[in-house]
Amino acid sequence: GVVFVMDNSPAKKFEDLRGKRLGTVRTTTGGAVLPLFLMKQAGMSDGQASANGLELVWSGTHDDVIREVVAGNMDAGAVKDLRLLAYEKAHPDVHFRILAESDRYPNNALVLRQGFPADQRQALVQTLRAMDHDPDASAALAELSVRRCLPCEMKEYAGLYHLLVELGPRWDELKIEGPAPRPPAGIIPATSEGH
(Lines give C-alpha, C1' and ligand atoms only; values in the text may rest on other atoms or scores of the structure.)
Protein backbone atom coordinates (compact mmCIF):
# COMPACT_ATOMS: atom_id res chain seq x y z
CA GLY A 1 0.00 0.00 0.00
CA VAL A 2 1.03 3.59 -0.65
CA VAL A 3 -0.15 7.05 0.33
CA PHE A 4 0.46 9.40 -2.59
CA VAL A 5 -0.06 12.95 -3.83
CA MET A 6 0.34 14.63 -7.17
CA ASP A 7 3.98 15.45 -7.84
CA ASN A 8 3.28 19.19 -7.59
CA SER A 9 1.64 18.90 -4.14
CA PRO A 10 3.27 20.85 -1.30
CA ALA A 11 2.98 17.74 0.92
CA LYS A 12 6.37 16.08 1.41
CA LYS A 13 5.50 13.62 4.21
CA PHE A 14 2.36 12.01 5.60
CA GLU A 15 2.09 14.50 8.47
CA ASP A 16 1.73 17.31 5.89
CA LEU A 17 -1.76 15.98 5.13
CA ARG A 18 -3.26 17.45 8.32
CA GLY A 19 -6.47 19.30 7.44
CA LYS A 20 -6.62 17.63 4.02
CA ARG A 21 -8.83 15.02 2.30
CA LEU A 22 -7.46 11.50 1.73
CA GLY A 23 -9.17 9.16 -0.73
CA THR A 24 -9.28 5.63 0.68
CA VAL A 25 -10.60 2.16 -0.21
CA ARG A 26 -12.52 0.26 2.47
CA THR A 27 -11.44 -3.29 3.46
CA THR A 28 -8.02 -3.08 1.81
CA THR A 29 -4.53 -3.00 3.31
CA GLY A 30 -3.23 -0.12 1.23
CA GLY A 31 -6.43 1.87 1.06
CA ALA A 32 -7.68 1.50 4.64
CA VAL A 33 -5.40 -0.22 7.15
CA LEU A 34 -2.23 1.67 6.17
CA PRO A 35 -3.71 5.19 6.37
CA LEU A 36 -5.39 4.50 9.72
CA PHE A 37 -2.13 3.10 11.09
CA LEU A 38 -0.22 6.16 9.86
CA MET A 39 -2.83 8.46 11.38
CA LYS A 40 -2.49 6.70 14.72
CA GLN A 41 1.31 6.99 14.56
CA ALA A 42 1.04 10.72 13.75
CA GLY A 43 -1.63 11.39 16.38
CA MET A 44 -4.12 12.47 13.73
CA SER A 45 -7.87 12.34 14.23
CA ASP A 46 -10.41 11.48 11.55
CA GLY A 47 -11.95 14.67 10.23
CA GLN A 48 -10.78 17.64 8.22
CA ALA A 49 -12.21 20.21 10.64
CA SER A 50 -9.68 19.49 13.39
CA ALA A 51 -6.26 21.14 13.14
CA ASN A 52 -4.86 17.69 13.82
CA GLY A 53 -7.32 15.88 11.57
CA LEU A 54 -7.29 14.20 8.20
CA GLU A 55 -10.60 13.52 6.47
CA LEU A 56 -10.88 9.98 5.12
CA VAL A 57 -13.10 9.80 2.04
CA TRP A 58 -14.09 6.23 1.20
CA SER A 59 -14.18 5.55 -2.54
CA GLY A 60 -15.16 2.46 -4.48
CA THR A 61 -11.88 1.18 -5.89
CA HIS A 62 -8.17 1.95 -5.96
CA ASP A 63 -8.61 3.32 -9.48
CA ASP A 64 -11.46 5.57 -8.30
CA VAL A 65 -9.16 7.06 -5.64
CA ILE A 66 -6.40 7.67 -8.18
CA ARG A 67 -8.81 9.41 -10.56
CA GLU A 68 -10.17 11.59 -7.71
CA VAL A 69 -6.65 12.72 -6.80
CA VAL A 70 -5.77 13.43 -10.43
CA ALA A 71 -9.02 15.42 -10.83
CA GLY A 72 -8.14 17.49 -7.76
CA ASN A 73 -11.12 16.27 -5.71
CA MET A 74 -8.80 14.72 -3.09
CA ASP A 75 -5.53 16.07 -1.72
CA ALA A 76 -4.01 12.58 -1.47
CA GLY A 77 -4.89 8.94 -1.91
CA ALA A 78 -4.17 5.59 -0.27
CA VAL A 79 -4.12 2.65 -2.69
CA LYS A 80 -2.42 -0.56 -3.72
CA ASP A 81 0.96 0.26 -5.23
CA LEU A 82 0.34 -1.96 -8.26
CA ARG A 83 -2.72 0.08 -9.26
CA LEU A 84 -0.79 3.35 -8.92
CA LEU A 85 2.05 1.98 -11.07
CA ALA A 86 -0.43 0.77 -13.70
CA TYR A 87 -2.06 4.22 -13.79
CA GLU A 88 1.29 5.95 -14.22
CA LYS A 89 2.22 3.55 -17.02
CA ALA A 90 -1.08 4.22 -18.82
CA HIS A 91 -0.80 8.01 -18.26
CA PRO A 92 2.88 8.96 -18.75
CA ASP A 93 2.06 12.67 -18.42
CA VAL A 94 0.77 12.19 -14.84
CA HIS A 95 3.31 12.06 -12.00
CA PHE A 96 2.81 11.15 -8.35
CA ARG A 97 4.92 11.40 -5.19
CA ILE A 98 4.71 8.62 -2.60
CA LEU A 99 4.58 9.93 0.97
CA ALA A 100 4.42 6.57 2.77
CA GLU A 101 4.30 2.89 1.96
CA SER A 102 3.63 -0.33 3.80
CA ASP A 103 5.78 -3.41 3.94
CA ARG A 104 5.27 -5.81 1.05
CA TYR A 105 2.81 -8.68 1.43
CA PRO A 106 1.67 -11.42 -0.95
CA ASN A 107 -0.85 -10.08 -3.42
CA ASN A 108 -4.34 -11.62 -3.63
CA ALA A 109 -3.78 -14.86 -1.75
CA LEU A 110 -6.00 -17.87 -2.37
CA VAL A 111 -6.99 -19.48 0.93
CA LEU A 112 -8.51 -22.95 1.25
CA ARG A 113 -10.79 -24.08 4.06
CA GLN A 114 -9.39 -26.18 6.84
CA GLY A 115 -9.83 -29.84 5.99
CA PHE A 116 -9.63 -29.30 2.22
CA PRO A 117 -8.51 -32.69 0.82
CA ALA A 118 -4.69 -32.80 0.60
CA ASP A 119 -4.62 -34.45 -2.84
CA GLN A 120 -6.97 -31.81 -4.30
CA ARG A 121 -4.93 -29.07 -2.63
CA GLN A 122 -1.73 -30.37 -4.21
CA ALA A 123 -3.37 -30.66 -7.65
CA LEU A 124 -4.71 -27.10 -7.37
CA VAL A 125 -1.31 -25.74 -6.31
CA GLN A 126 0.42 -27.53 -9.21
CA THR A 127 -2.14 -26.19 -11.70
CA LEU A 128 -1.82 -22.62 -10.43
CA ARG A 129 1.99 -22.76 -10.38
CA ALA A 130 2.08 -24.02 -14.00
CA MET A 131 -0.32 -21.45 -15.46
CA ASP A 132 2.37 -19.04 -16.63
CA HIS A 133 3.87 -21.82 -18.80
CA ASP A 134 0.55 -22.73 -20.48
CA PRO A 135 -0.29 -20.43 -23.45
CA ASP A 136 -4.05 -20.71 -22.82
CA ALA A 137 -3.71 -20.12 -19.10
CA SER A 138 -1.17 -17.32 -19.46
CA ALA A 139 -3.77 -15.40 -21.52
CA ALA A 140 -6.16 -15.69 -18.55
CA LEU A 141 -3.41 -14.48 -16.21
CA ALA A 142 -2.72 -11.51 -18.48
CA GLU A 143 -6.42 -10.60 -18.44
CA LEU A 144 -6.22 -10.47 -14.63
CA SER A 145 -2.90 -8.54 -14.73
CA VAL A 146 -1.21 -11.48 -12.98
CA ARG A 147 2.22 -12.73 -14.08
CA ARG A 148 2.29 -15.98 -12.12
CA CYS A 149 1.10 -17.72 -8.96
CA LEU A 150 3.56 -18.31 -6.13
CA PRO A 151 3.20 -20.07 -2.79
CA CYS A 152 3.12 -17.92 0.34
CA GLU A 153 3.20 -18.54 4.06
CA MET A 154 1.50 -16.89 7.02
CA LYS A 155 4.79 -15.41 8.22
CA GLU A 156 4.83 -13.23 5.07
CA TYR A 157 1.84 -11.38 6.57
CA ALA A 158 3.60 -10.52 9.85
CA GLY A 159 3.85 -6.83 8.93
CA LEU A 160 0.14 -6.65 8.13
CA TYR A 161 -0.79 -8.31 11.42
CA HIS A 162 1.47 -5.80 13.18
CA LEU A 163 -0.53 -2.94 11.62
CA LEU A 164 -3.82 -4.55 12.66
CA VAL A 165 -2.67 -5.03 16.25
CA GLU A 166 -1.38 -1.46 16.43
CA LEU A 167 -4.70 -0.07 15.17
CA GLY A 168 -6.33 -1.26 18.38
CA PRO A 169 -9.74 0.45 18.76
CA ARG A 170 -9.28 2.38 15.51
CA TRP A 171 -10.20 -0.88 13.74
CA ASP A 172 -13.82 0.16 14.25
CA GLU A 173 -13.27 3.19 11.97
CA LEU A 174 -12.93 0.78 9.05
CA LYS A 175 -16.62 -0.16 9.51
CA ILE A 176 -15.86 -3.84 8.90
CA GLU A 177 -18.17 -6.17 10.78
CA GLY A 178 -16.56 -8.08 13.62
CA PRO A 179 -13.28 -7.73 15.46
CA ALA A 180 -9.92 -7.21 13.83
CA PRO A 181 -8.21 -10.40 12.65
CA ARG A 182 -5.92 -11.75 15.34
CA PRO A 183 -2.45 -12.89 14.34
CA PRO A 184 -1.81 -16.62 14.52
CA ALA A 185 0.53 -17.64 17.34
CA GLY A 186 4.15 -16.83 16.63
CA ILE A 187 3.50 -14.58 13.62
CA ILE A 188 4.41 -11.31 15.34
CA PRO A 189 6.23 -10.71 18.61
CA ALA A 190 4.48 -9.04 21.53
CA THR A 191 4.74 -5.25 21.57
CA SER A 192 5.65 -3.05 24.51
CA GLU A 193 1.91 -2.35 24.89
CA GLY A 194 1.34 -6.01 25.64
CA HIS A 195 -0.22 -7.06 22.36
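Throughout what follows, the structure given in this document is the object of discussion. Bear in mind the structure is a predicted one, so any value in this text is a computation, not a measurement. (Residues numbered from 1 in each chain as written. Predicted model: local features only at pLDDT ≥ 70, side-chain atom pairs only at ≥ 80, totals over all residues. Heavy atoms only, no water.)

**Some points on the overall build of the chain**
- Along the backbone of the chain there are six helices and six strands.
- Seen in sequence order, the chain has helices and strands lined up from the N terminus as β-β-α-β-β-α-β-α-β-α-α-α.
- Counting only C-alpha atoms, the chain reaches 60 × 50 × 25 Å along its principal axes.
- Sorting the 195 residues of the chain into buried and exposed places 36% on the buried side.
- Long-range pairs, those at least 24 residues apart, make up 67% of the contacts in the chain with a sequence separation of at least 6.
- Here the chain displays about 11,700 Å² of accessible surface, and carbon together with sulfur accounts for 52% of that area.
- For the chain, the distance from the average position of its 22 positive side-chain charges to the average position of its 26 negative side-chain charges is 2 Å. (Helix = DSSP H or I, 4+ residues; strand = E, 2+ residues; numbered from the N terminus. Buried < 20%, exposed > 50% of the residue type's maximum accessible area, 1.4 Å probe, protein only. Contact = heavy atoms within 4.5 Å. Areas by Shrake-Rupley, 256 points an atom, 1.4 Å probe, with all protein chains shown as cover. Lys, Arg positive; Asp, Glu negative; His and termini not counted. Charge placed at Lys NZ, Arg CZ, Asp CG, Glu CD.)

**Quick look at unusual backbone geometry**
- Within the chain, threonine 27 stands out as a residue other than glycine whose phi angle is a positive 65°.
- One can find threonine 27 in the loop between β2 (21-25) and α1 (29-42).
- By relative accessible area, which is 56% here, threonine 27 ends up exposed.

**Thoughts on the sheet that holds β2**
- The strand order β3-β4-β2-β5-β1-β6 describes an open sheet built from six strands, whose pairing is mixed. The sheet terminates laterally at β3 (45-46) and β6 (96-101), the two strands that pair on one side only.
- Across five bridges, the pairing between β2 and strand β4 (residues 53-59) is parallel. Residue pairing in the sheet places threonine 24 in a bridge with tryptophan 58 of β4.
- Each of β1 (2-6), β5 (76-79) and β6 is contacted by helix α3 (residues 81-90), which is oriented at about 170° to β6, the strand it contacts most. (Pairing = 2+ DSSP bridges. Axes fitted to C-alpha atoms, helices over the stretch in contact; angles between N-to-C directions.)

**Notes on the pairing of β5**
- Both faces of β5 are covered, namely the face carrying Ala76 and Ala78 and the face carrying Gly77 and Val79.
- Here two bridges tie β2 to β5, and the two strands are oriented parallel to one another. The partner of leucine 22 across the bridge, within β5, is alanine 76.

**Topic: the packing of helix α2 (residues 62-71) against α3**
- Packing of α2 against α3 leaves a shortest axis separation of 9 Å and a crossing angle of 50°. By the angle class used here, α2 and α3 are oblique. Crossing of α2 against α3: the hand is right-handed. Across from His62, Asp63, Ile66, Arg67 and Val70 in α2, the residues of α3 making contact are Arg83, Leu84 and Tyr87.
- Residues that form the contact of α2 with α3 fall into these classes: four nonpolar, one polar and three charged. (Parallel < 35°, antiparallel > 145°, perpendicular 65-115°, else oblique. Left-handed = near helix turned anticlockwise from the far one by under 90°. Nonpolar A, V, L, I, M, F, W, Y, C, P; charged D, E, K, R; others polar.)

**Here's the deal with the nonpolar core**
- Val3, Phe14, Leu17 and Leu22 are the most contacted members of the largest nonpolar core, which has 35 residues in total.
- Breaking this core down by element, the ones donating at least two residues are β1, α1, β4, β5, β6 and α6 (158-167).
- Among the elements that line this core, the one with the most residues is α1, at eight residues.
- When sequence neighbours within four positions are dropped, the list of residues in contact with leucine 17 reads Val3, Val5, Ala11, Leu22, Met44, Gly53, Leu54, Ala76 and Leu99.
- Phe4, Val25, Tyr87 and Phe96 belong to the second largest nonpolar core, which has 14 residues in total. (Core = buried A, V, L, I, M, F, W, Y, C linked by side-chain atoms within 4.5 Å.)

**Some words on α1**
- With 14 residues, α1 extends 18 Å between its outermost C-alpha atoms, agreeing within 8% with the 20 Å of an ideal straight helix rising 1.5 Å per residue.
- The buried fraction of α1 amounts to eleven of the 14 residues, a majority that puts the element mostly inside the structure.
- Those residues of α1 that fall on the buried side of the exposure criterion are Gly30, Gly31, Ala32, Val33, Leu34, Pro35, Leu36, Phe37, Leu38, Met39 and Ala42.
- The opening residue of α1 is threonine 28, an N-cap whose side-chain oxygen sits 3.0 Å from the backbone nitrogen of glycine 31.
- Glycine 43 occupies a position one or two residues after α1 and carries a positive phi of about 70°. (Expected span 1.5 Å × (residues − 1). Polar contact = N/O pair within 3.5 Å; in protein donor to acceptor, adjacent residues only side chain to side chain.)

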